[in-house]
Amino acid sequence: MSIGRREAIVGGALAAGGAALLTAREALGAQGGGGRGWESTYSGGSQDAKPDKPGEPGKDYTPVVTPNGVALPFKIVDGVKVFHLVAEEVDHEFTPGLKAKCWGYNGRVHGPTIEAVEGDRVRIYVTNKLPAPTSTHWHGLFLPAGMDGVAALTQPVIQPKETFRYEFTLRQHGTFMYHSHHDEMTQMALGMMGMFVIHPRKPSAGYKVDRDFAMMLSEWAIPAGASRPNPNAMDGFNVLSINAKCFPGTDPLVVKKGDRVRMRFGNLSAMDHHSIHMHGHYFKVVATDGGQIPETAQWPEATVLVPVGSTRDVEFLADAPGDWAMHCHMTHHVMNQMGHGFPNTTGLQTNDLDDKVRKLVPGYMTMGQHGMGDMADMKMAVPNNSIPMAGGAGPFGTITMGGMFTVIKVREDLKTYDKDPGWYKHPPGTLARLATADELTKDGIKS
Ligand SMILES: [Cu+2]
């Protein structure tokens, strides 16, 4: 067996009792050729770094789109990008008919997306207008420990009316998040989170995409008629959201046929992972909040699991025109408020029962014996400030999904990304329809 000169030197040094010449990390690096997770997170040994000049949108990066959301504005002061987050209570609408008093930033739930470029120096002020102390953690970022935002561990809490100042140089790129790191159970359940996107300073070949979407997945416990999410809930999450919106309140993702599309998902739900499934295409999982996945290690998927406290970037070529559903595949995560707590009446014969109960309760009707699909259509009265469990208007009736559901609209002719192009017009012969009697006979199908 022949060994290369490099291995011989390493092996020889160890064999000769010269191990002190090499640290364990160096030896592993030499043998593994790097890429095994032993590289220092902080190259150069420092937790902070000399910044580059501030990256410019349109020149150094193409801004991401946050559906139903916005980017946090910044100004540049002496070469530093200065941002200001204001933590405050917000009246938030999840979808028409459902509002709640939540906690967010800058008048929004969730907070605006922070966007910058690797090498940027950022200074982020956080003003606390909540009635409770808070702190802000920059999830996944490499930074000096004292900037990490963990209340009591790396800083005192930010008291009501106080403003804290965070400052560090961005030394990585990818999809990250920010969220409260004080009384996390309460403050995150009420909405205190946002996306933090960092673009590469020198994008590698193939990095550029035409459409780049940032989406935060989260969940809420809002009993029908309640005015605030319940932060003590451990289960029973009945409002599932993408960027704090539930279908039909979720904005569609509008793309052109042939576009390369990136979708960045973050999940800061209290208790649930989400398996996000896209119809009509496959994508590749290209990055996590730990960094880019080497191309040789990416694999195709039609569903990506986004665990709690993680981000996943996926990319795909939008090559099929149409209206394509994209949603969490956990079926209770695509229902709105009123679809979970019923007794099981599926298959129940209720005709007699209804007559008997109507003598006592005029207008009584047992629901759900044919499943929940009909209920979306019934336009029944629901308690104030609550929404039926499912149901957005579709081109062929009521879509029996709610919650963590949205639509990717791929179009051949698209004048602008900024307007919903309406429902897809299917070319002749490409639409499922009622079978005719002749067709059934011809193919020998008894219906
Ligand atoms: Cu889910």
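Here's a quick rundown of the structure. As the structure is a prediction and not an experimental result, all values here were calculated from the model.

**A short note on the pairing of strand S20 (residues 322-328)**
Moving on, step 1. For S20, a buried count of five out of seven residues is recorded, marking the element as mostly surrounded by other parts of the structure.
Moving on, step 2. As judged from the three bridges shared by strand S14 (residues 274-278) and S20, these two strands associate in the antiparallel manner. Looking at the pairing, His-277 lines up with His-327 of S20.
Moving on, step 3. Relative to strand S23 (residues 405-411), S20 is paired through six bridges, and the arrangement is antiparallel. Its bridge partner lying in S23, Gly-322 is registered against Val-410.

**A closer look at unusual backbone geometry**
Moving on, step 1. Residues Val-109 and His-110 are joined by a peptide bond in cis, for which omega reads -10 degrees.
Moving on, step 2. The omega angle of the peptide bond from Phe-247 to Pro-248 is 10 degrees, so this bond is cis rather than trans.
Moving on, step 3. By the secondary structure assignment, Pro-248 is in the loop between strand S11 (239-242) and strand S12 (253-256).
Moving on, step 4. Located in the positive-phi region is Asn-106, a residue other than glycine, with phi close to 55 degrees.
Moving on, step 5. Within the secondary structure layout, Asn-106 lies in the loop between strand S3 (98-105) and strand S4 (114-117).
Moving on, step 6. The residue Ala-152 is not glycine, and still its phi comes out positive at about 75 degrees.
Moving on, step 7. Position of Ala-152 relative to the elements: it lies in the loop between strand S6 (136-139) and strand S7 (163-169).
Moving on, step 8. For Ala-152, a count of 11 C-beta atoms within 10 Å puts it in the exposed group.

**A word on the sheet that holds S6**
Moving on, step 1. Reading across from one edge, S4-S9-S8-S6 is the order of the four strands in this open sheet, with mixed pairing throughout. On the outer flanks of this sheet lie S4 and S6, each paired with one strand and no other. Pairs of neighbouring strands in the sheet enclose a mean axial angle of 20 degrees, with direction left out of account.
Moving on, step 2. Examined bridge by bridge, S6 and strand S8 (residues 174-180) share four bridges and lie antiparallel to one another. Bridge pairing in S8 places Trp-138 opposite Tyr-178.

**Side note on the sheet that holds S12**
Moving on, step 1. Taken in spatial order, the five strands of this open sheet run S12-S23-S20-S14-S18, and their pairing is mixed. On the outer flanks of this sheet lie S12 and strand S18 (303-306), each paired with one strand and no other. Direction aside, neighbouring strands of the sheet carry axes that sit 20 degrees apart on average.
Moving on, step 2. One ladder, built from four bridges, connects S12 with S23; its direction is parallel. Counterpart to Val-255 in the pairing with S23 is Val-410.

**Comments concerning the pairing of strand S2 (residues 80-95)**
Moving on, step 1. Here strand S1 (residues 75-77) pairs with S2 via three bridges, running antiparallel. Within the sheet, the bridge partner assigned to Ile-76 lies in S2 and is Lys-81.
Moving on, step 2. Turn length for the S1-S2 hairpin, with the two strands adjacent in sequence and antiparallel, is two residues, and the turn residue Asp-78 shows positive phi of about 50 degrees.
Moving on, step 3. The sheet contact formed by S2 and strand S5 (residues 121-128) spans seven bridges and is parallel. By the bridge assignment for S5, His-84 is matched with Tyr-125.
Moving on, step 4. Relative to S3, S2 runs antiparallel, the two sharing eight bridges. Across the sheet, Ala-87 pairs through a bridge with Tyr-105, a residue of S3.
Moving on, step 5. The antiparallel hairpin formed by S2 and S3 contains two residues in its connecting segment, where Gly-97 sits at a positive phi of about 105 degrees.

**What to know about the nonpolar core**
Inside soluble globular proteins, nonpolar side chains tend to come together where they are buried.
Moving on, step 1. By size, the foremost hydrophobic cluster in this structure holds 81 residues, and its most contacted members are Phe-196, Met-215 and Ile-408.
Moving on, step 2. Among the elements that take part in this core, strand S10 (residues 211-220) stands out by supplying six residues, more than any other.

About the criteria used
- Residues numbered from 1 in each chain as written.
- Predicted model: local features only at pLDDT ≥ 70, side-chain atom pairs only at ≥ 80, totals over all residues.
- Buried ≥ 20, exposed ≤ 12 C-beta atoms within 10 Å, placed from the backbone.
- Helix = DSSP H or I, 4+ residues; strand = E, 2+ residues; numbered from the N terminus.
- Pairing = 2+ DSSP bridges.
- Axes fitted to C-alpha atoms, helices over the stretch in contact; angles between N-to-C directions.
- Core = buried A, V, L, I, M, F, W, Y, C linked by C-beta atoms within 7 Å.

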